[in-house]
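The primary structure of each chain is shown beneath.
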Amino acid sequence: MKFYILCSRDLFCLERQFDTIPKDQTVVVLNSLDESFVVSAVSFCEKEQIEYYVTTSDGTPATGKNEVLRLFLESDNEYSVHIDGDDILTDYGVSLYNDVAKRKNAPDCIALYRQAARDLSVSNELVYPFDKSEPDLQARASNLEEVTWYYTEWWKYYHGDSANIENGKRLADLRFELNKMIAKYMESHESMCRLVFFSRKCAEMMWYDPTLTIGEDTIQFLKLKKIALSGGLNMVRHRERGNPSYIYMQDTEGTVKVTCWEWMTKFIPEVNKLSLFEPYQNLPELLNNEVNR
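Chains are numbered independently. Their residues run from 1 in the order of the written sequence. In keeping with the model being predicted, local features are shown solely for residues with a pLDDT of at least 70 and side-chain atom pairs are shown and tallied solely at 80 or more, while totals for entire chains, interfaces and linings include all residues. Only heavy atoms go into the side-chain values, all of them from the structure, while hydrogens and water stay out.

Could you clarify how one ought to interpret the pairing of strand E9 (residues 235-239) in this entry?
Here is the key point about a regular strand: its side chains alternate between the two faces of the sheet. Under the scheme applied here, a residue whose accessible area is under 20% of the maximum for its type counts as buried, over 50% as exposed, and between as partly exposed, the area being computed with a 1.4 Å probe on protein chains only. Helix and strand assignments come from DSSP, with helices taken as H or I runs of at least 4 residues and strands as E runs of at least 2, each series counted from the N terminus. Within E9, four of the five residues are buried, which leaves it mostly tucked inside the rest of the structure. Here five bridges tie strand E6 (residues 109-113) to E9, and the two strands are oriented parallel to one another. From the neighbouring strand, cysteine 109 faces E9, where its bridge partner is methionine 235. When DSSP finds at least two bridges between two strands, those strands are taken to pair.

Teacher, can you tell me more about the packing of aromatic side chains here?
Each pair of aromatic rings is reported with the distance of its centres and the angle of its planes. For Phe, Tyr and Trp, rings pair up if their centres lie within 6.5 Å, where Trp contributes its six-membered ring, and each pair is then called stacked (planes under 30 degrees apart), edge-to-face (over 60) or tilted (otherwise). Within this structure, the stated rule accounts for ten aromatic pairs. An aromatic cluster is present here, built from Tyr150, Tyr151, Trp261, Trp263 and Phe267 joined pairwise through their rings. Definition used: whenever NZ (Lys) or CZ (Arg) falls within 6 Å of the ring centre and also within 35 degrees of the ring normal, the charge is taken to sit over that ring. The cationic tip of arginine 241 hangs over the ring face of tyrosine 128; the distance from NZ or CZ to the ring centre is 3.9 Å.

Got a minute to help me understand unusual backbone geometry in this structure?
The phi angle of most residues is negative, glycine excepted, and most peptide bonds adopt the trans form. Notably, glutamine 49 is not glycine yet its phi reads approximately 60 degrees, a positive angle. We note that serine 275 has phi near 50 degrees; this positive angle belongs to a residue other than glycine. Positionally, serine 275 belongs in the segment after helix H11 (264-272).

Hey, could you run me through the layout of surface pockets in this one?
Sizing a probe to match a water molecule and rolling it over the atoms shows the empty space that remains. Considered as a void within the structure, the second largest pocket measures approximately 180 Å³ in volume. Contributing to the lining of the second largest pocket are Glu177, Leu178, Lys180, Met181, Lys184, Tyr185, Phe267, Ile268, Val271, Asn272, Ser275 and Leu276. Looking at the lining of the second largest pocket, the elements with two or more residues in it are helix H7 (166-185) and H11. A total of six residues in the lining of the second largest pocket trace back to one element, the largest contributor, which is H7. When its residues are assigned to classes, the lining of the second largest pocket shows seven nonpolar, two polar and three charged. Buriedness for pockets is judged along seven lines, at least five of which must meet protein on both sides within 12 Å for an open set on the 1 Å grid over protein atoms alone, while cavities are sets there where a 1.4 Å probe fits but cannot get out, and lining residues have an atom within 4 Å of a point. Grid points are joined across faces, edges and corners, and a volume is the space filled by probe spheres set on the points. Just so you know the grouping, Ala, Val, Leu, Ile, Met, Phe, Trp, Tyr, Cys and Pro go in nonpolar, Asp, Glu, Lys and Arg go in charged, and all remaining residues, Gly too, go in polar.

How do you make sense of helix H3 (residues 61-74) when you look at a structure like this?
One turn of the α-helix equals 3.6 residues, which is why residues spaced by three or four share an orientation. By this rule the span expected of a helix is its residue count minus one, scaled by 1.5 Å. In a regular helix each residue adds 1.5 Å, so 14 residues correspond to 20 Å; H3 covers 20 Å between its end C-alpha atoms and thus fits that length. Among the residues of H3, Ala62, Thr63, Gly64, Lys65, Asn66, Glu67, Val68, Leu69, Leu71 and Phe72 are the ones counted as buried.

Structure, rendered in structure tokens:
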């Protein structure tokens, strides 16, 4: 098994990966339009004797992830762990995924829910931005009037047009539909379940859509979950709250932070095309105390 780190910017984020991940068990995939970053990252990897590849980028997260899948399938590794270059694995995560890869009945895919995040520029405390399971949050997400108010104020703030509330209403309708989709098809009201651990069998089924700036990973999750629920894939989920294996770092400007809510306009129709499974089904839990037998 190898840890595959996908990097597109920020040498500091790449360097801090090795506070927890062994260098000799790592593959760095440099998929970036920033030539100066690539030069500095290559220099770092060569100095530290870390396996790396420079791949062709079109600036989309999907293309970078597809390059990771390609490199994994071209290798002789049986399992891979995907880490976005801005994020980090914990010591527990490194230990967990190494343990899982050694199990006789290792899963083909692990998806994370109740995920932890940290913004070092604000606080060192963990937060859970994707977890929408609390009853108060569920009630607010299903309150069309409140959602409409939020997007109307958002539109005014970012576009400076206090007289135009139609776009706020339009975005609210999209978000309301998105919230219903999350409740029906994601894991326990988690708005984005991260795909992190893959077997070769699973990787061969995957392809991220580069026409989606945001949500390409959620579309891929739903496709795999559909296969898993029909018996075609051994896919499990891991509860991160309390003892996270992976931390979503919010101290750099990622795609979600800098993109406006218009992404929902393309994303929701793509979900509706999938002909998904019956709603309100969850994946089985990864049992951390399984023994290798």
